[in-house]
Amino acid sequence: MHDRRYVRRMLSVLVAIAVTGAAPAVAEPASVPFASTSSTYAAIDSRIDEATARAIQTERAIDELRAGSAAISERIQVTEERIRGQHIQVERAEIALQEATQRYKTHLVASYKRGTVDPISLLLGSESLSELISRVSVLTRIAEDDGRVVTDRVVAVADARYQAAMLDDLRAQDTELRRQQDERVRELENALAAQKAVVASLTAEAREALMTARRLDAETRAQWRASSIPIGVPIPRADAAVLPYTGVIYQVSAYMPRTYRTTDQRFRAVCSWYGNEFNGRGTASGQIFNEEDFTCASRTLPFGTVLALTRGDKRVIAYVNDRGPFVSGRDLDLSKAAARELGVSGVGTIQVEVVVPVE
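Bear in mind the structure is a predicted one, so any value in this text is a computation, not a measurement.

**Considering the overall build of the protein**
Alright, step 1. Across its full length, the protein carries 7 helices and 8 strands.
Alright, step 2. Counting contacts in the protein only where the partners sit at least 6 residues apart, residues at least 24 apart contribute 75% of the total.
Alright, step 3. Carbon and sulfur atoms make up 55% of the accessible area of the protein, which totals about 19700 Å².

Below, the structure is given as structure tokens:
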């Protein structure tokens, strides 16, 4: 399957070269460490004793919590940048409002002091009735334009203040979540320290299994990092299917497998999306976040879990590479591209099916 996919891609590149004279800059196939596909882990788990299993599980739980804390830290950093920018926007909007209001008042006061809005004065200073009407029309338009500018500035200030208040609230939520995560990490680290005596008494075979599990975890983290697609490199789309095939076609990033098998795990999820300032930052898995890829964040699903997402007649295959969302009542944070493909502009409910690649 992989060979056929590679051949198809190379044929498309050769056609592009023949037509344009240059190879298109597209995303290279990324080696994403999908969940539930490693036989090595299963082999290790089958030959360890209970004490070793507890040690491995605790270490992985600590790694998971640290990853979650890292994701929260990234979001707090972005939120703080947004807040600083929003405060600057509020200040600028308020200055613009003051200037517009002062200009409006100055024009009105000057007009009345000069008596230019007095029909008799205008008549005396005008050579004809048409000139008088023209002068009155101009002054009226100036006043109306100034009034509209003031109204627009009032709306801009109100909107800026509202957005700033929302961001302050979001930062408070994220800060509290990081505090909770750090507290749980400390608890698990204490539990791991208490197990060291048990680990020290493991058999040579069990200790080897523990070291192998640690090595595989480190390799997986490195693989996540290496699977990152550079920001700005186009990510073509392709059609994909889920077995048993029912005629339903999903959109998928072209470097991903084209065929998946259902696990019969289905649920509804309330989804939001993220991108923009997060683009190019690290995710909890270690992969660099690319808002134009089909990925998502989940608080509980393992990294590499592949999801078939459906909203109405729109369908996308995405995989979990980050932790979130950190707002109560939401289940998944979609990448900007996945949300756009599904038609989610704010918060929306989608159908989710857990699938695994078969290619």
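Okay, back to it.
**Side note on empty space enclosed by the protein**
Alright, step 1. In this structure the tally under the stated criterion is 2 cavities of 30 Å³ or more.
Alright, step 2. Of the pockets and cavities examined, the largest cavity occupies roughly 60 Å³.
Alright, step 3. Counting residues per element, the lining of the largest cavity draws most heavily on helix H3 (residues 50-114), at 3 residues.
Alright, step 4. Within the lining of the largest cavity, the residues separate by chemical class into 4 nonpolar, 2 polar and 4 charged.
Alright, step 5. Counted as a void, the second largest cavity has a volume near 50 Å³.
Alright, step 6. What lines the second largest cavity is simply Ser227, Ile229, Gln287, Ile288, Phe289, Asn290, Asp293, Thr295, Tyr319 and Asn321.

**Observations concerning the pairing of strand S4 (residues 295-298)**
Alright, step 1. The two faces of S4 match: Thr295 and Ala297 on one face and Cys296 and Ser298 on the other face are all buried.
Alright, step 2. Across 3 bridges, S4 lies against strand S6 (residues 314-322) in parallel orientation. Across the sheet, the residue bridging to Cys296 is Val320, located in S6.
Alright, step 3. By the bridge criterion, 3 bridges tie S4 to strand S7 (residues 332-335) in an arrangement that is antiparallel.

**Considerations on a nonpolar patch on the surface**
Alright, step 1. Residues Leu243, Tyr245, Ile249 and Val358 make up a contiguous nonpolar surface patch of roughly 330 Å² in combined accessible area.
Alright, step 2. With respect to the helices and strands, Val358 occurs in the segment after strand S8 (348-357).

**Thoughts on the pairing of strand S1 (residues 237-243)**
Alright, step 1. Bridging between S1 and strand S2 (residues 250-253) involves 4 bridges; their strand directions are antiparallel. Residue pairing in the sheet places Ala238 in a bridge with Val252 of S2.
Alright, step 2. In this structure, the hairpin formed by S1 and S2 is closed by a connection of 6 residues, where Gly247 is found at a positive phi of approximately 90 degrees.
Alright, step 3. As judged from the 3 bridges shared by S1 and strand S3 (residues 259-274), these two strands associate in the parallel manner. Across the sheet, the residue bridging to Ala241 is Thr259, located in S3.

**Describing unusual backbone geometry**
One can expect most non-glycine residues to show negative phi and most peptide bonds to be in trans.
Alright, step 1. A cis amide bond links Leu243 with the next residue in sequence, Pro244, at an omega value of 0 degrees.
Alright, step 2. Tracing the backbone shows Pro244 in the loop between S1 and S2.
Alright, step 3. Cis geometry marks the peptide bond from Gly324 to Pro325, where omega comes out at -10 degrees.
Alright, step 4. At Asp264, a residue that is not glycine, the phi angle is positive and equals roughly 65 degrees.
Alright, step 5. Relative to the helices and strands, Asp264 is located in strand S3.
Alright, step 6. Overall, Asp264 belongs to the exposed group, its relative accessible area being 56%.

**Some details on helix H6 (residues 204-226)**
Alright, step 1. Helix length check: H6 (23 residues) gives 33 Å between terminal C-alpha atoms against 33 Å at 1.5 Å per residue, within 8%.
Alright, step 2. Buried within H6 are the following residues: Ala206, Ala209, Leu210, Thr212, Ala213, Leu216, Asp217 and Trp224.

**A few points about the side chain of Thr283**
Alright, step 1. With respect to the helices, strands and loops of the structure, Thr283 is situated in the loop between S3 and S4.
Alright, step 2. With a relative accessible area of 9%, Thr283 lands in the buried category.
Alright, step 3. Of note is the side chain of Thr283, whose polar atom sits 3.0 Å from the side chain of Ser285.
Alright, step 4. The contact partners of Thr283, leaving out residues within four places of it in the chain, are Ile288, Phe289, Asn321 and Asp322.

**Here we look at the packing of aromatic side chains**
Alright, step 1. Per the stated rule, a full pass over the model turns up 5 aromatic pairs.
Alright, step 2. A ring pair is formed by Tyr274 and Phe289, whose centres lie 4.5 Å apart and whose planes are at 20 degrees; its orientation type is stacked. Placement of Tyr274 in strand S3 and of Phe289 in the loop between S3 and S4 is noted, with a sequence separation of 15 residues between them.
Alright, step 3. The exposure class assigned to Tyr274 is buried, which follows from its relative accessible area of 5%.
Alright, step 4. Linked through ring pairs, Phe34, Trp224, Phe303 and Tyr319 together constitute an aromatic cluster.
Alright, step 5. Stacked on the ring of Tyr274, the Lys or Arg Arg75 has its end atom at 4.3 Å from the ring centre.
Alright, step 6. Taking NZ or CZ as reference, Arg237 lies 4.0 Å from the ring centre of Phe294, over its face.

**Topic: the nonpolar core**
Nonpolar side chains in soluble globular proteins tend to be buried together.
Alright, step 1. Counting residues in hydrophobic clusters, the biggest one holds 46 residues, and the most contacted among them are Tyr260, Leu307, Leu309, Ile317, Leu334 and Ile350.
Alright, step 2. With 5 residues, S6 is the single largest residue contributor to this core.
Alright, step 3. Look past the residues within four positions of Tyr260 in its chain and what remains in contact with it is Ala240, Ala241, Val242, Leu243, Val252, Val306, Ile317, Val355, Val356, Pro357 and Val358.
Alright, step 4. Counting residues in each nonpolar core, the second largest holds 8 residues, with Ile56, Leu202, Ala206 and Leu210 among its members.

Criteria and cut-off values
- Residues numbered from 1 in each chain as written.
- Predicted model: local features only at pLDDT ≥ 70, side-chain atom pairs only at ≥ 80, totals over all residues.
- Heavy atoms only, no water.
- Helix = DSSP H or I, 4+ residues; strand = E, 2+ residues; numbered from the N terminus.
- Contact = heavy atoms within 4.5 Å.
- Areas by Shrake-Rupley, 256 points an atom, 1.4 Å probe, with all protein chains shown as cover.
- 1 Å grid on protein atoms, 1.4 Å probe; cavity = no way out; pocket = protein on both sides within 12 Å on 5 of 7 lines; lining within 4 Å.
- Points joined across faces, edges and corners; volume = space filled by probe spheres on them.
- Nonpolar A, V, L, I, M, F, W, Y, C, P; charged D, E, K, R; others polar.
- Buried < 20%, exposed > 50% of the residue type's maximum accessible area, 1.4 Å probe, protein only.
- Pairing = 2+ DSSP bridges.
- Patch = residues over 30% accessible without salt bridge, like charges linked within 9 Å, V, L, I, M, F, W, Y side chains within 5 Å.
- Salt bridge = Lys/Arg side-chain N within 4 Å of Asp/Glu carboxyl O.
- Expected span 1.5 Å × (residues − 1).
- Polar contact = N/O pair within 3.5 Å; in protein donor to acceptor, adjacent residues only side chain to side chain.
- Phe/Tyr/Trp six-rings, centres within 6.5 Å; stacked < 30°, edge-to-face > 60°.
- Lys NZ or Arg CZ within 6 Å of the ring centre and 35° of its normal.
- Core = buried A, V, L, I, M, F, W, Y, C linked by side-chain atoms within 4.5 Å.

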